[in-house]
Amino acid sequence: MNEKFILMTGRPVADAIASGVMEDVSRLSDMGVTPKLATLRIGNRADDIAYERAIIKVCRSLNVGTQTCALPGSASEEEMLKKIEELGRDDSVHGILPFRPMPGQISISSLKSALPPAKDVDCIGPAGSAAVFDRSLAGFLPCTAEAVMETMFHYNVPLEGANAVVIGRSMVVGRALALLLLDANCTVTVCHSRTRDIPSIAGGADLLICAIGRAKMIDARYVKAGAVVVDVGINDDGQGGICGDADFESISGVAGAATPVPRGIGAVTSTLIVRNTVRACKRMIG
Ligand code: NAP
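Since the structure is predicted, the reported quantities are computational estimates derived from the model, not experimental observations.

Criteria and thresholds
- Residues numbered from 1 in each chain as written.
- Predicted model: local features only at pLDDT ≥ 70, side-chain atom pairs only at ≥ 80, totals over all residues.
- Heavy atoms only, no water.
- Salt bridge = Lys/Arg side-chain N within 4 Å of Asp/Glu carboxyl O.
- Buried < 20%, exposed > 50% of the residue type's maximum accessible area, 1.4 Å probe, protein only.
- Pairing = 2+ DSSP bridges.
- Helix = DSSP H or I, 4+ residues; strand = E, 2+ residues; numbered from the N terminus.
- Core = buried A, V, L, I, M, F, W, Y, C linked by side-chain atoms within 4.5 Å.
- Domains from an automatic or database assignment.
- Contact = heavy atoms within 4.5 Å.
- Axes fitted to C-alpha atoms, helices over the stretch in contact; angles between N-to-C directions.
- Near = heavy atom within 4 Å.
- Polar contact = N/O pair within 3.5 Å; in protein donor to acceptor, adjacent residues only side chain to side chain.
- Areas by Shrake-Rupley, 256 points an atom, 1.4 Å probe, with all protein chains shown as cover.
- Nonpolar A, V, L, I, M, F, W, Y, C, P; charged D, E, K, R; others polar.

Quick notes on the pattern of salt bridges
Enumeration over the complete set of coordinates arrives at 14 salt bridges. Arg45 is paired through a salt bridge with Asp47; the nearest N and O atoms lie 2.7 Å apart. We classify Arg45 as partly exposed; its relative accessible area is 33%. In this structure, the salt-bridge partner of Asp122 is Arg100, at a minimum N-O distance of 3.4 Å.

What about the sheet that holds strand 7 (residues 207–210)?
The strand order across the open sheet built from 6 strands is 1-11-8-7-5-6, with neighbouring strands paired in parallel fashion. In the strand order of this sheet, the two ends are held by strand 1 (6–7) and strand 6 (187–191), each with one partner. As defined by bridge partners, strand 5 (residues 163–167) adjoins strand 7 across 4 bridges and the pair is classed as parallel. Bridge pairing in strand 7 places Ala164 opposite Leu207.

Regarding the nonpolar core
With 54 residues, the main nonpolar core has Met152, Leu181, Leu207, Ile209 and Val230 as its most contacted residues. Among the elements that make up this core, the one with the highest residue count is helix 10 (residues 265–285) (8 residues). In this structure, this core is formed jointly by two domains, domain 1 (33–115) and domain 2 (143–265), each of which donates at least three residues. Beyond its immediate chain neighbours, meaning those up to four positions away, Leu207 contacts Met152, Val157, Leu159, Asn163, Ala164, Val165, Leu181, Cys186, Val228 and Val230. Core analysis: the second largest hydrophobic core is formed by 18 residues, Cys191, Leu208, Val229 and Ala258 among them.

Regarding the sheet that holds strand 3 (residues 65–71)
In space, the 3 strands of this open sheet follow the order 3-2-4, with parallel pairing throughout. One side of each edge strand has no neighbouring strand; the edge strands of this open sheet are strand 3 and strand 4 (95–98). Across the sheet, the mean angle separating the axes of adjacent strands is 20° when strand polarity is ignored. Where strand 2 (residues 36–42) meets strand 4, 4 bridges bridge the pair, whose relative direction is parallel. Residue pairing in the sheet places Leu40 in a bridge with Pro98 of strand 4. Strands strand 2, strand 3 and strand 4 of the sheet are contacted by helix 2 (residues 46–61), whose axis makes an angle of about 175° with strand 2.

Overview of the site of the ligand
Every one of the 21 residues lining the ligand counts as a neighbour, but Thr144, Arg169, Ser170, Ser193 and Thr269 are closest to it. Between the ligand and the protein, one listed contact pairs an oxygen atom with a side-chain N or O atom of Ser193 at 2.5 Å. Take Thr269: an N or O atom from its side chain is 2.9 Å from an oxygen atom of the ligand. For the ligand, the accessible surface in isolation is 930 Å², of which the surrounding protein chains cover 69%. Considering every element that reaches the shell around the ligand, the biggest residue donor is helix 10, with 3 residues. Split by residue class, the shell around the ligand holds 9 nonpolar, 10 polar and 2 charged.

Comments concerning the domain arrangement of the protein
What the domain assignment lists for the protein is domain 1 (33–115) and domain 2 (143–265). Between the C-alpha centres of domain 1 and domain 2 the distance comes to 29 Å.

So, in structure tokens, the structure goes:
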């Protein structure tokens, strides 16, 4: 690790966001309203169950209600749609969080069109994608992309005019983030699996975002001295734990600052899902 290296953990960022959420929850409580998030899990995938637990824990800590819905792994698309419709009609539910990926028999496009935009707190449907392009629209931003931005704001990472390289172009993470960085006046380059010579592109970045899903792929060869590295990846480390897309030991010898995995962006993402649920509740009650 270089001497001036700054470790950008997610907890202080999540705590700062949580304190604003708590104020809103208490004001809603004075009006007799409790915001509620419904999670929808299909099957018993270990990572879905772990995510469900983590989200419930954040909701409880912020006095936000939860409703856990679980369908068997063999559930049909019709059963999933029926559940979404039921949650959509339920006025006591303000946010719906379906865990993805869903089993193969369920198409993501039917999930996207079934989710009521007002309750789509993790930006799965088209309203959220539209909001990424046009911030004046009502949809919620994808929480992981927003979590990266909140983390950089919290740690005062200079964004104006910075060269930002995003590796990964998925709709909800890489692509959304590229647009949010553009809004923050960065000059943005997006890399993906067909990009040639990523180390030389990434090596010119003031800000390098890894959203790939490849354990420890990014090492010091990809990082400019003093650059800020934000690691969105959550990968199996092969030892019963998780690791990021960046090889932390290698990059921390060169980077000026970086987020760790675990204890990085994930904690911020969960808190933003709960914040969106509270915002959805406020919008619903006018
Ligand atoms: P995804 O949909 O699988 O997208 C991965 C992206 O990485 C794709 O654009 C892909 O390129 C690119 N890629 C894959 N291998 C590459 C390589 N060798 N070189 C360059 N680019 C490569 O994944 P995602 O949903 O965006 O998630 C990315 C990571 O973030 C995953 O590890 C996921 O678990 C994690 N994640 C974290 C959070 C959080 O809260 N921290 C939330 C969501 C996701 P192509 O488009 O060319 O295939």
